[in-house]
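Topology and contacts: notes
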Amino acid sequence: MASRSGGSSKSKGGQAKNQKLMDFLGPNWEGGQEGTHDEVHGATKSSEEMEQYCLSEDMGDIERLEHYLSSTLLLQNTCGVCTFPPLAKEHGAAVTSKLLPKMVALCSRDEIDLLLNISDSLLTLLENNSLSINDMKIMLPPCFKLLQSTNEDVQQCYVDVIVAAIDKLAPQQLEEFVLGPSLAAGEVQTSVTSRVICCKLLGKLATRMTPKVVSEKFFFKAMSLCQDTAHEVRAVMCDQLNSIARGVGPELTHSSLLEELNELLSDEEALVRSSALGAVVDLLDFFNEDAKKSKVLPQLRSLCKETPDAVIYALADKSGELFWKQRDTLTEDKDSEVFYNFYKKIAANPDVELRYRCVFNLPGVVQALGAKRYPVHLDAVVRKLADDSDASVRLQLARGFHEITAFLASDKSLRLLKDPLLTLLKDSDVGVKELMLEQLREIVGHFGQISPAEDRAAIMKDILSTLAEVEPTLRGNWRRTAKYLNVFDNAGEYFTEQHIYECAVPVFSLHMSDSAQPVREKATRLMCDFIRASRNMQHRFELTQRLVRDFGRGRSFSQRMLFFEICTNVFTRFSRHFFRQYFYEPALDLMTDSVPNVRLRMCKLLPGIKKILRLPEDQSQLDRVQNCMNRLLRDSDNDVVEAAKQVSENVLGPLTITPAEEAKDREKRSDEEAVQRLEAEATKRRMVDEATERAKLLGAGGGAGVKAGVGMKASDHTALKKLPSTGSSSSTPARSAGSSIAQKVSAIPKSGATTSSTTTGSRPPMGTKTAIAGAKPLGGKEPASSVGSAGAG
């Protein structure tokens, strides 16, 4: 009773909703008129029709497919046709041979959508190699029959099916199954469309059959189609002459086909002349030298010289291939000059479409002419195209610019591309800039081969300065900015350290402080990569201190959160000595940050921080790290507690360092010590040179030269004594980076320089914060005094 009552209430609720809907629609709605219910009810499927669409759930996939293909219902036919290829691929030849005749029989239905679906399925079956020779024998006759369809889409789809089948059949089977119907389609009494299809099929057959069969069975039929009364047929046949000529061989080509082709070049229809010109260029490498010199090249030179409007677009399209196929015969004579002048003419044509086609073929033309002829014939063209008034032309030049640089990479001509490169980088169209940025690493790699080194450095500095100039125009879209920063991956391979420091490091600093998170992380990685690769201790020291001040001690919680990324990158790039010297204290301080999200991220660093310690000398610091862990496990924020639990086992457990980790750390430490030794040697040499120069100026050197140290100030002697010895072994404890920089700064007075001093032992006392002197914030803003005092500790 309860269930009936519930059903009744639901029924009444549904009626009430329907009534409300009818009231909303109003009395004029046709659904509310009398008799409409009966009409709508009568429009639905009858029970008999519904039974036709219903199938037993016990049917298997093959049985259901067979039912669909045998049904008289269009919906089921379509479903069967679409599911045929995957089932044929899964179940193999047994299913295909059994059910393919049923699907092919559906081609007799005059349903356009169904016929198009059948053609798609046949193409898929051919691509999957699911059809046997016998299957294709069954499939091809209905396909040829559908070539006579009045629907152009159906015709083209079944031409594609037959062409795909030609690739799968052997020459003997092609002669048996395909050649006859193809020739029949080209009879005089057939329609123009049918003869066009015949031309396409003969061109495809010529690539798959022997020269003997081609010459005996359909070569002269193809030549007769070149004289067809319909210009559409002649034009399409021109497109197939390349395949016909290569299929029949050079003898018939030079005796018959070449004469026919020359006639087509003078055809009264522009479409035919353009197609014939394309065939001539395609066959340039197939003709023998006598034929080219006497018949082909004179025609081409005449066309390039006169450049009639009917063929100028075809010539522009084929310009790259035209130059490439006669690259060995191009010289500085008058005959070759015709081709050079033609290309320059279309590059300067007021028609945007012509200039676009010209620049599309530019890489091929550059490769054909080579580096030696580039300055004379193409340098001015490329410079003009780089500054073209139409963005589409500049975009296409940007797409192929890396190819052009590759073709000129080993020659002095490459330096001529510097100005077009800088022009494209500064382009007003953002799309052009993006394309250039995507390819710039490859392009710069080619410029890196320029010699001498002075020229290369000057070009690289110009590129880097232009990149710095372009960067503000890319802001506002973080994806573009990320592409921009990708350019600086492995930048040290191409640019000098000083140039990167002057032009790129400020950009890294800016995006670390103010950008989307992916960009900030990318900029952080690049900054740490630069510090790691730097051979200048002053750069290392200054940038490291800035990272600590602006992010480890930063006012904004987002800056302090980024310090996690900084520390992670330092862990992977530097030794544990480097980390504990600069980052240990600020990292531990952030474990008690007032913002939970900062503590949440920083607590993940504790396992890595623990591994920089060495027992027993660092037992007190280990206790400190574990106290931080215990404090985080009792944190007031639940998310922080959960994150702390995930790493607590590694932090609170015993300290273990694997031999591999120890060896890797020694390698990093050795590199850092090498940088310090190089810096010390350079400082000594520079101080001696400066003292020698002073002595010369004072006249203390005499004619026999000046000894090292003569004319030096007492402070210089003192500084030299303090510099670390370069002959010490790697086992000798090295001075700290901060100590070396302090000595260097105190020893070499510079205008505007600031000085700082740190502890000079091999390791600063744990718990002592490194002083920050004279460093500007990465974000470009001077910190408040309270922040500076906190950073100084």
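Keep in mind it's a predicted model, so treat the numbers as computed, not measured.

Calculation rules
Residues numbered from 1 in each chain as written. Predicted model: local features only at pLDDT ≥ 70, side-chain atom pairs only at ≥ 80, totals over all residues. Heavy atoms only, no water. Helix = DSSP H or I, 4+ residues; strand = E, 2+ residues; numbered from the N terminus. Buried < 20%, exposed > 50% of the residue type's maximum accessible area, 1.4 Å probe, protein only. Contact = heavy atoms within 4.5 Å. Areas by Shrake-Rupley, 256 points an atom, 1.4 Å probe, with all protein chains shown as cover. Salt bridge = Lys/Arg side-chain N within 4 Å of Asp/Glu carboxyl O. Polar contact = N/O pair within 3.5 Å; in protein donor to acceptor, adjacent residues only side chain to side chain. pLDDT = per-residue confidence, 0-100. Bend = angle between axes of the 7 residues up to and from the residue. Axes fitted to C-alpha atoms, helices over the stretch in contact; angles between N-to-C directions. Parallel < 35°, antiparallel > 145°, perpendicular 65-115°, else oblique. Left-handed = near helix turned anticlockwise from the far one by under 90°. Nonpolar A, V, L, I, M, F, W, Y, C, P; charged D, E, K, R; others polar. Phe/Tyr/Trp six-rings, centres within 6.5 Å; stacked < 30°, edge-to-face > 60°. Lys NZ or Arg CZ within 6 Å of the ring centre and 35° of its normal. Disulfide = S-S within 2.5 Å.

1. Some details on the overall build of the protein
Of the regular secondary structure elements, the protein holds 42 helices and zero strands. Burial status across the protein gives 47% buried among its 793 residues. Within the protein, counting contacts between residues at least 6 apart in sequence, those at least 24 apart form 67% of the total. When the accessible area of the protein is evaluated, it comes to approximately 38,600 Å², of which 51% is carbon and sulfur surface.

2. A look at the pattern of salt bridges
With the rule as written, the count across this model stands at 46 salt bridges. Connected through shared salt-bridge partners, R246, D282, D285, K318, E321 and K325 make up one network.

3. Let's talk about the side chain of D489
Mapped onto the secondary structure, D489 falls in the loop between α28 (478-486) and α29 (497-513). Residue D489 is classed as buried on the basis of its relative accessible area of 18%. For D489, the side chain forms a polar contact with the side chain of K522, separated by 2.7 Å. Excluding its chain neighbours within four sequence positions, the residues that come into contact with D489 are R441, K522 and L526.

4. A look at the side chain of R234
By the element assignment, R234 lies in helix α14 (residues 231-248). A polar contact of 3.0 Å, which involves the side chain of R234, links it to the side chain of D267. Apart from residues no more than four positions distant in its own chain, R234 is found in contact with L225, C226, Q227, D228, T229, D267, E268, E269 and V272.

5. Topic: the confidence of the model for the protein
Low pLDDT means the predicted coordinates in that region are not meant to be read closely. The share of residues in the protein with pLDDT of 70 or more is 82%, and the mean pLDDT across the chain is 82. Here residues 1-14 scores under 50 on pLDDT; set against residues more than four positions off or in separate chains, the count is zero contacts. Below pLDDT 50 for its whole length, residues 24-42 participates in six contacts with residues either more than four positions away or in separate chains.

6. Some words on helix α18 (residues 309-317)
Since there are 3.6 residues in each turn of an α-helix, residues three or four apart along the chain are aligned in direction. Those residues of α18 that fall on the buried side of the exposure criterion are V311, I312, A314, L315 and A316. Looking at the packing, one finds that the buried side of α18 touches α16 (270-282), α17 (289-306), α19 (319-325), α20 (334-347) and α21 (352-360).

7. A closer look at unusual backbone geometry
In the segment running from S451 into P452, the intervening peptide bond is cis, with an omega of 5 degrees. Mapping P452 onto the fold places it in the loop between α26 (430-447) and α27 (453-470). Its identity is not glycine, yet N129 carries a phi of approximately 55 degrees, on the positive side. Positionally, N129 belongs in the loop between α7 (112-127) and α8 (133-146). A residue is classified by how much of its surface remains accessible, and N129, at 57% relative accessible area, is exposed.

8. Remarks on the environment of V178
Considering the arrangement of structural elements, one finds V178 in the loop between α10 (171-177) and α11 (179-184). Among the residues examined, V178 registers a relative accessible area of 1% and is labelled buried. Put simply, V178 and L202 are 24 residues apart on the chain and 9.8 Å apart in space, counted from C-alpha to C-alpha. Contact partners of V178, with chain neighbours within four places excluded, come to L140, F144, I162, I166, L169, Q173 and L205.

9. As for helix α13 (residues 211-225)
Bending of α13 peaks at approximately 55 degrees at the position of F218. Listing the buried residues of α13 in full gives V213, V214, S215, F218, F219, A222, M223 and L225. Tucked inside the fold, the buried residues of α13 contact α10, α11, α12 (192-206), α14 and α15 (250-265).

10. Regarding the packing of helix α37 (residues 619-633) against helix α38 (residues 638-652)
In the contact formed by α37 and α38, the axes pass within 8 Å of each other and the chain directions differ by 150 degrees. The angle between α37 and α38 places the two elements in the roughly antiparallel class. At the point where α37 passes α38, the crossing takes the left-handed sense. Packed against α37, whose contacting residues are V625, Q626, M629, N630, L632 and L633, the element α38 presents V640, V641, A644, K645, V647, S648, V651 and L652 at the interface. Residues belonging to the contact of α37 with α38 are distributed by class as follows: ten nonpolar, three polar and one charged.

11. Looking at the packing of aromatic side chains
Taken as a whole, this structure holds 14 aromatic pairs when the rule is applied. Between F541 and Y582, the aromatic rings sit 6.4 Å apart at their centres with planes inclined by 65 degrees, giving edge-to-face as the arrangement. Of this pair, F541 sits in helix α31 (residues 537-552) while Y582 sits in helix α33 (residues 576-582), and the two are 41 residues apart along the sequence. Y582 matches F541 in its accessibility class, with the two residues each being buried. For the ring pair F574 and F578, a centre distance of 4.2 Å and an interplane angle of 15 degrees mean the geometry is stacked. Here the basic side chain of R327 rests over the ring of W324, its NZ or CZ set 3.7 Å away from the ring centre. Positioned above the aromatic ring of F574, the side-chain terminus of R532 is 5.9 Å from the ring centre.

12. A look at the state of the cysteines
Scanning all chains against the criterion turns up zero disulfides. The structure places no disulfide on C528, whose sulfur is separated from the nearest cysteine sulfur, that of C567, by 8.9 Å.

13. Side note on the packing of α13 against α15
Two elements in contact, α13 and α15, have axes separated by 10 Å at closest approach and are oriented at 20 degrees. Relative to α15, the element α13 is oriented roughly parallel. Note on packing geometry: the crossing formed by α13 with α15 is left-handed. Together, S215, F219, F220 and M223 of α13 and L252, S256, L257 and E260 of α15 make up the contact between the two elements. Its residues assigned to classes, the contact of α13 with α15 shows five nonpolar, two polar and one charged.

14. Observations concerning the environment of L378
Its location among the elements puts L378 in the loop between α22 (362-377) and α23 (379-386). Exposure remark for L378: the relative accessible area of 2% places this residue in the buried category. Expressed as a C-alpha distance, the spacing of L378 and Y343, which sit 35 residues apart in the sequence, is 9.1 Å.

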